[in-house]
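Survey of secondary and tertiary structure
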Amino acid sequence: MSKKRRNNGCAKKGRDHVQPIRCTNSTGWVPKDKVIKKCIIRNTVEAAATALSDISEEGVLYNYVLPTLHVKLHYRVSGSINSKMVRNHPAEAQKDGTPPP
């Protein structure tokens, strides 16, 4: 019987068991090697020019850099397809290696 994927859909490579992680979208359990990861970096202050200028004028420190919010999101495969984070593509495109449009 032929194999669909070289890594069988997991990236564990020689490990017996991997830790389960909760999906951000559906709160279901997913193995850590199978989960689709997405890192989001946001400013804590909104990007409006007035807000940034108000904070910089009122601030005591001149070269103070505003903190950013780093969030790592984990999605299961079905949830990421449903929320249109990733898309499927035909087998010819998989062999090609270029990402889908």
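Now for a look at the structure at hand. (Residues numbered from 1 in each chain as written. Predicted model: local features only at pLDDT ≥ 70, side-chain atom pairs only at ≥ 80, totals over all residues. Heavy atoms only, no water.)

Here aspartate 33 lies in the loop between β2 (29–31) and β3 (36–43). It is lysine 12 that comes nearest to the buried, bridge-free aspartate 33 among opposite-charge side chains, at 6.1 Å. There is a polar contact of 3.3 Å between the side chain of aspartate 33 and the backbone nitrogen of lysine 12. Other than its neighbours up to four places away in sequence, aspartate 33 contacts Cys10, Ala11, Lys12 and Val18. (Helix = DSSP H or I, 4+ residues; strand = E, 2+ residues; numbered from the N terminus. Buried < 20%, exposed > 50% of the residue type's maximum accessible area, 1.4 Å probe, protein only. Lys, Arg positive; Asp, Glu negative; His and termini not counted. Salt bridge = Lys/Arg side-chain N within 4 Å of Asp/Glu carboxyl O. Polar contact = N/O pair within 3.5 Å; in protein donor to acceptor, adjacent residues only side chain to side chain. Contact = heavy atoms within 4.5 Å.)

Now for the packing of aromatic side chains. The final tally for this structure, using the stated rule, is zero aromatic pairs. Residue placement shows arginine 22 over the ring face of tryptophan 29; its charged tip is 4.5 Å from the ring centre. (Phe/Tyr/Trp six-rings, centres within 6.5 Å; stacked < 30°, edge-to-face > 60°. Lys NZ or Arg CZ within 6 Å of the ring centre and 35° of its normal.)

Turning to the environment of histidine 74, a few remarks are in order. Take histidine 74: it is sitting in strand β4 (residues 68–75). Exposure remark for histidine 74: the relative accessible area of 14% places this residue in the buried category. With 48 residues separating them in the primary sequence, histidine 74 and serine 26 have C-alpha atoms 10 Å apart. Filtering out sequence-adjacent residues up to four positions away, histidine 74 remains in contact with Ile21, Arg22, Cys23, Thr24, Asn25, Val35, Ile36 and Lys37.

As a further point, take unusual backbone geometry. Among all residues except glycine, the phi angle is most often negative; among peptide bonds, the trans geometry is most common. Of note, asparagine 8 is a non-glycine position whose phi angle comes to about 60°, a positive value. With respect to the element layout, asparagine 8 can be found in the segment before β1 (20–22). Taking relative accessible area as the criterion, asparagine 8 reaches 53% and is therefore assigned exposed. The backbone phi angle of lysine 84 is positive, close to 60°, even though this residue is not glycine. Along the polypeptide, lysine 84 turns up in the loop between α2 (77–82) and α3 (91–96).

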